[in-house]
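This is what each chain is made of:
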Amino acid sequence: MSGNGVYADLVDTKEEIRDFLTSRRARITPEQAGLVSFGSRRVPGLRREEVAVLAGVSVPYYARLERGDMSGVSQSVLEALARALELDDAERAHLFDLARAAQPTGARPRRRQVKQRVRPEVQWTLEAITGAAAFLGNARLDILAANELGRALFSELYVAPARPVNSARFVFLDPRAEAFYGDWERVAGECVAILRWAAGRDPYDRDLSDLVGELATHSEAFRIRWAAHDVRFHNTGVKRFHHPAVGELSLSYNRLDLPADHGLTIFTYAAEPGSRSEEALKLLGSWAATADLTESARATHQS
């Protein structure tokens, strides 16, 4: 699959709506939805007629929506669809984003985002966070700035010369990623689901579509996951790392949005007090103080 093909998928909102709704109804059985199932089924999941019944709309109207024609669709219908398809919060938000992108507003050119600037005050805030790794990121999974412990934790990502450092590019294109992440399969799925969510919010982001095209061109693992149409928020959770300098780490991450910096988010990675991971994180801090991370830091600030 070429990068251009993936780009077409990214901005073809009608196709995206069709594939998203089809994939969501395919995962729900009639029994799960409280319906009585009659006869054999050629494909798994709910039929269009069953989704229409559950959402309280006519079958022709739902068929029109699933074809990607969401012009004039009301919020109440979208809410009913979200309930019928048992969407979680991230999937619901994605459906609303797709519906918004599908409204007739004239042709929208593919564009590059204005370069995201890291304010000095944000860098000061990152550096003021001690005892936890912290970095500033965006929806494309770029790491734009980090504190010393953050640069140390993700030192493997800084080995590649490309800037800004990009988590998805590392996960799918760097052979060291599977050893670095203790649960690579889950991390890989999360990366793609986050990029899918970002694409729904802004399908005309040229930098994002270029990234998706690059990953799809060079990684079958990415292509398979991209085709699943999964979306998710990246707010909080636990990640396991195998750091080459300190070994195993299990860290809780949390997302801190910056209202004054549109599209930018601080992520912190902290260890449970008294745990083996806390010891390893402290050791990582000592390693960072002696390791040559200067070039990594300089490259990040210049991105």
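Residues numbered from 1 in each chain as written. Predicted model: local features only at pLDDT ≥ 70, side-chain atom pairs only at ≥ 80, totals over all residues. Heavy atoms only, no water.

A. Structural context of the pairing of strand β1 (residues 133-137). Burial runs high along β1: five of the five residues are buried. The alternating pattern of β1 places Ala133, Phe135 and Gly137 and Ala134 and Leu136 on opposite faces, both of which are buried. As paired elements, β1 and strand β6 (residues 265-270) share five bridges and run antiparallel to each other. If you follow Gly137 over to β6, its bridge partner there is Thr265. Where β1 and strand β2 (residues 142-146) come together, three bridges link them in antiparallel fashion. Bridge pairing in β2 links Gly137 to Ile143. (Buried < 20%, exposed > 50% of the residue type's maximum accessible area, 1.4 Å probe, protein only. Helix = DSSP H or I, 4+ residues; strand = E, 2+ residues; numbered from the N terminus. Pairing = 2+ DSSP bridges.)

B. The arrangement of the pattern of salt bridges in detail. The final tally for this structure, using the stated rule, is 24 salt bridges. Arg24 is the salt-bridge partner of Asp230, the closest N and O atoms lying 3.1 Å from each other. Of the two residues, Asp230 is situated in the loop between α13 (220-226) and β4 (236-243) and Arg24 in helix α2 (residues 13-26); the sequence distance between them amounts to 206 residues. Note on Asp230: relative accessible area 38%, which makes it partly exposed. Measuring nitrogen to oxygen at the nearest pair gives 2.4 Å for the salt bridge that ties Glu185 to Arg225. One end of the pair, Glu185, is in helix α11 (residues 184-201); the other, Arg225, is in helix α13, and 40 residues separate them in sequence. What emerges from the salt-bridge pattern is a single network uniting Arg24, Arg27, Glu91 and Asp230. (Salt bridge = Lys/Arg side-chain N within 4 Å of Asp/Glu carboxyl O.)

C. Expanded view of the side chain of His94. In this structure, His94 sits in helix α6 (residues 89-101). Owing to a relative accessible area of 0%, His94 belongs among the buried residues under this scheme. Dropping the residues within four chain positions of it, His94 is found in contact with Glu16, Phe20, Arg196, Trp197, Gly200 and Val231. (Contact = heavy atoms within 4.5 Å.)

D. The arrangement of the packing of aromatic side chains in detail. The final tally for this structure, using the stated rule, is 17 aromatic pairs. On the basis of an interplanar angle of 85° and a centroid distance of 5.3 Å, the ring pair of Phe172 and Phe222 is categorised as edge-to-face. Here the residue Phe172 occupies a position in helix α9 (residues 167-173), and Phe222 occupies one in helix α13, the gap between them amounting to 50 residues. Residue Phe172 is classed as buried on the basis of its relative accessible area of 10%. Measuring from ring centre to ring centre gives 5.7 Å for Trp197 and Phe233, while their planes differ by 90°; the resulting arrangement is edge-to-face. With Trp197 in helix α11 and Phe233 in the loop between α13 and β4, the pair connects residues that are 36 residues apart, well separated along the chain. For Phe233, a relative accessible area of 28% corresponds to the partly exposed category. (Phe/Tyr/Trp six-rings, centres within 6.5 Å; stacked < 30°, edge-to-face > 60°.)

E. View of the pairing of β4. Summarising the sheet, β4 and strand β5 (residues 247-257) pair through eight bridges and their orientation is antiparallel. For His243, the partnering residue across the bridge sits in β5 and is Gly247.

F. Summary view of unusual backbone geometry. In this chain, Arg163 is followed by Pro164 through a cis amide linkage whose omega measures 0°. Positive phi, normally seen in glycine, also occurs at Glu86, with a value near 55°. Along the polypeptide, Glu86 turns up in the loop between α5 (75-84) and α6. Phi is positive for His229, which is not a glycine, with a value near 60°. Of note, His229 is situated in the loop between α13 and β4. Residue classification places His229 among the buried positions, given a relative accessible area of 7%.

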